[in-house]
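These are the residues of each chain, in order.
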Amino acid sequence: MAVHAHPDDEATSTGGILARYAAEGVTTVLVTCTDGRCGDGPGGVKPGDDGHDPQAVVAMRQAELAASCEALKVTHLETLDYADSGMMGWATNDAPGAFWNTPVAEAADRLAELIRRYRPDVVVTYDENGFYGHPDHIQAHRITMAAVERTGIPAKVYWTTVPQRAFQEFGKVMQEIGVEFPEPDAADEMPALGLPDDEITTWVDTRAQGGQKFASLAAHASQAENIFFLRLGEERFTELMGMETFVRVRDSTGAPTPEDDLFAGLR
């Protein structure tokens, strides 16, 4: 079971494992917590701008999510349908029904019901900072860890991560394709992204699923302006994104680390 915040989040950090384990006959469950209403609308119109219709964006992104799941051969898609909270500090953080504004216990109860229904051996979500500080990612982490604690069902729990050295290569590639990122404001300094190699417990080779992962990302065409990886083309994308990495934070199997399989110790 992979627990993600928005439609399209499943593709980048877990598209490979969802496709790989589905091909191996493992039942895969994707839980998407929000409806994605704060994403771009048709033509790239931004939230809050004239012509941005949140309900139309929701419908569009749900269709894209279904197409992504088809590309990855996800067995079950579950949507919690909380309102997308937008980026940290947006007024939408505090809107009625926003995921960030939902009590953790309430959302964790709903996720715990799904864990009891599907009884996953392995659960994957974000770290406590939501990888890069997005409120919905942080909330997904919080409810997942609470639901795992309540149910005690998963044998293994993982947080997604990226090797810090990969960001150097990523930066070079983004320059090659003409993507420039603004310099971060010192006042808004974020924790360092990713981890050193020796802190990463799990390295899963998903290069064989590169085509499916690329197709999953491409399914979210409405957000293409923000999905820089699509500009790489499938082959280069697979080279750059073919290894998915995780930190194992819960384990009852005793499998040694580093490991190359989320199901090490379970089969």
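Going by an unreviewed UniProt entry, the chain carries the name N-acetylglucosaminyl deacetylase, LmbE family and comes from Micromonospora humi.

A. Main features of the overall build of the chain. Per the secondary structure count, the chain includes 7 helices and 7 strands. Helices and strands appear in the chain in the N-to-C order β-α-β-α-β-α-β-α-β-α-β-α-α-β. Taken over 267 residues, the chain has a buried fraction of 50%. Once local pairs closer than 6 in sequence are excluded, the contacts in the chain between residues at least 24 apart make up 78%. As presented, the chain carries roughly 12,300 Å² of accessible surface, and 51% of it is formed by carbon and sulfur atoms. Averaging the positions of the 21 positive and the 43 negative side-chain charges in the chain gives two centres separated by 7 Å.

B. Main features of the pattern of salt bridges. Across all of its chains, the model carries 16 salt bridges by this definition. We note a salt bridge from Lys-46 to Asp-40, for which the minimum N-O separation is 2.9 Å. Classification of Lys-46 by relative accessible area gives partly exposed; the value is 28%. With a shortest N-O distance of 3.5 Å, Asp-251 and Arg-248 are connected by a salt bridge.

C. Here's a closer look at the pairing of strand E3 (residues 76–82). In this structure, strand E2 (residues 29–34) lies alongside E3, joined through 5 bridges in parallel fashion. Within the sheet, the bridge partner assigned to Thr-34 lies in E3 and is Tyr-82. Read as a crossover between parallel neighbours, the route from E2 over helix H2 (residues 54–72) to E3 is right-handed.

D. Structural context of the nonpolar core. Grouped together as the largest cluster of nonpolar side chains are 23 residues, with contacts concentrated most on Met-1, Val-31, Leu-111 and Ile-143. Among the secondary structure elements, those contributing two or more residues to this core are E2, E3, helix H3 (104–118) and helix H4 (135–151). A per-element tally of this core places H3 first, with 6 residues. Formed by 11 residues, the second largest nonpolar core is a distinct cluster that contains Phe-170, Met-174, Leu-232 and Phe-237.

E. Region of the structure containing the environment of Ala-19. Within the fold, Ala-19 resides in helix H1 (residues 9–23). Considering only alpha carbons, one finds Ala-19 and Gly-211, 192 residues apart in sequence, at a separation of 10.0 Å. Residues in contact with Ala-19, not counting those within four places in the same chain, are Leu-72, Gln-209 and Gln-212.

F. View of the packing of aromatic side chains. For the coordinates displayed, the defined rule picks out 4 aromatic pairs. Centre to centre, the rings of Tyr-21 and Phe-263 are 4.9 Å apart; their planes meet at 65 degrees, and the pair counts as edge-to-face. Residue Tyr-21 is found in helix H1, and its partner Phe-263 is found in the segment after strand E7 (243–251); the two are separated by 242 residues along the sequence. Residue Tyr-21 is classed as buried on the basis of its relative accessible area, which comes to 3%. Measuring from ring centre to ring centre gives 5.2 Å for Tyr-82 and Phe-99, while their planes differ by 25 degrees; the resulting arrangement is stacked. Of the two residues, Tyr-82 is situated in strand E3 and Phe-99 in the loop between E3 and H3; the sequence distance between them amounts to 17 residues. Here Tyr-82 falls in the buried class, since its relative accessible area comes to 7%.

G. Highlighting the pairing of strand E6 (residues 202–205). Residues Thr-202 and Val-204 of E6 are buried on one face, while the alternating residues Trp-203 and Asp-205, pointing to the opposite face, are not. Relative to E7, E6 runs antiparallel, the two being bridged by 4 bridges. Bridged to Asp-205 within E7 is Met-243.

H. Inspection of the packing of H2 against helix H6 (residues 210–219) at higher detail. Packing of H2 against H6 leaves a shortest axis separation of 8 Å and a crossing angle of 175 degrees. Judged by the inter-axis angle, H2 sits roughly antiparallel to H6. Across the interface between the two elements, Glu-64, Ala-67, Ser-68, Ala-71 and Leu-72 from H2 touch Gln-212, Lys-213, Ala-215, Ser-216 and Ala-219 from H6. Class assignment for the residues of the contact of H2 with H6 results in 5 nonpolar, 3 polar and 2 charged.

Scoring rules and cut-offs
Residues numbered from 1 in each chain as written. Predicted model: local features only at pLDDT ≥ 70, side-chain atom pairs only at ≥ 80, totals over all residues. Heavy atoms only, no water. Helix = DSSP H or I, 4+ residues; strand = E, 2+ residues; numbered from the N terminus. Buried < 20%, exposed > 50% of the residue type's maximum accessible area, 1.4 Å probe, protein only. Contact = heavy atoms within 4.5 Å. Areas by Shrake-Rupley, 256 points an atom, 1.4 Å probe, with all protein chains shown as cover. Lys, Arg positive; Asp, Glu negative; His and termini not counted. Charge placed at Lys NZ, Arg CZ, Asp CG, Glu CD. Salt bridge = Lys/Arg side-chain N within 4 Å of Asp/Glu carboxyl O. Pairing = 2+ DSSP bridges. Right-handed = clockwise from strand over helix to strand, strands pointing away. Core = buried A, V, L, I, M, F, W, Y, C linked by side-chain atoms within 4.5 Å. Phe/Tyr/Trp six-rings, centres within 6.5 Å; stacked < 30°, edge-to-face > 60°. Axes fitted to C-alpha atoms, helices over the stretch in contact; angles between N-to-C directions. Parallel < 35°, antiparallel > 145°, perpendicular 65-115°, else oblique. Nonpolar A, V, L, I, M, F, W, Y, C, P; charged D, E, K, R; others polar.

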